[in-house]
Amino acid sequence: MNKRQDLLDSIRKRYYDTYDEECKVFLYRLYNYYKQTDMETGRKHGEIFKSLYLTKNPLTYDELSEQYYIDTYTLDRYRQRYNKLAKTIIQTEQLQQLNSAYSVG
């Protein structure tokens with residue numbers, strides 16, 4: 001299955017191409033979130049996230065699916081979930097910055 005380009009892929013690419021510290025912090029923040037959630041749920045989202053977005057040359061979907069014993073379509077759903085959370089966090093933080101910039105105080 002071909003890997004789609006998405007928000008987190010763009011952030012990963014920017015981090016590895018320019019060593020942008022902001023991108024690194026954002027990716028590790030999400031990784032740590034999933035890693036902590038895995039402690040409660042017993043899942044492997046943290047490791048899957050790390051394999052997708054915190055490696056310079058990530059494996060293909062087929063290779064990752066085989067490594068984690070999940071279907072490629074499940075992996076694609078996970079990728080969509082990770083990107084949805086990333087987009088929500090970015091939008092929320094941008095809104096907070098706008099509110100603080102225009103707040104009277």
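Provided above is the structure to which this section pertains.
Residues numbered from 1 in each chain as written. Predicted model: local features only at pLDDT ≥ 70, side-chain atom pairs only at ≥ 80, totals over all residues. Heavy atoms only, no water.

Enquirer: Would you mind showing me how to read the layout of surface pockets here?
Expert: Here the largest pocket defines a volume of roughly 330 Å³. Along the walls of the largest pocket sit S10, I11, R14, E22, C23, V25, F26, R29, I90, E93, Q94 and Q97, which together make up its complete lining. The element best represented in the lining of the largest pocket is helix α2 (residues 21-41), accounting for 5 residues. Residue composition of the lining of the largest pocket, grouped by class: 5 nonpolar, 3 polar and 4 charged. (1 Å grid on protein atoms, 1.4 Å probe; cavity = no way out; pocket = protein on both sides within 12 Å on 5 of 7 lines; lining within 4 Å. Points joined across faces, edges and corners; volume = space filled by probe spheres on them. Helix = DSSP H or I, 4+ residues; strand = E, 2+ residues; numbered from the N terminus. Nonpolar A, V, L, I, M, F, W, Y, C, P; charged D, E, K, R; others polar.)

Enquirer: Explain the pattern of salt bridges here, please?
Expert: Pairing of side chains with opposite charge becomes possible as their charged atoms draw close. Applying the stated criterion to the full structure yields 5 salt bridges. Among the salt bridges present, the one from E93 reaches R29, with a minimum N-O distance of 2.6 Å. One end of the pair, E93, is in helix α5 (residues 72-102); the other, R29, is in helix α2, and 64 residues separate them in sequence. One connected set of salt bridges, linked through shared partners, spans D6, D76 and R79. (Salt bridge = Lys/Arg side-chain N within 4 Å of Asp/Glu carboxyl O.)

Without other data, these values stay purely geometric and don't point to any function.
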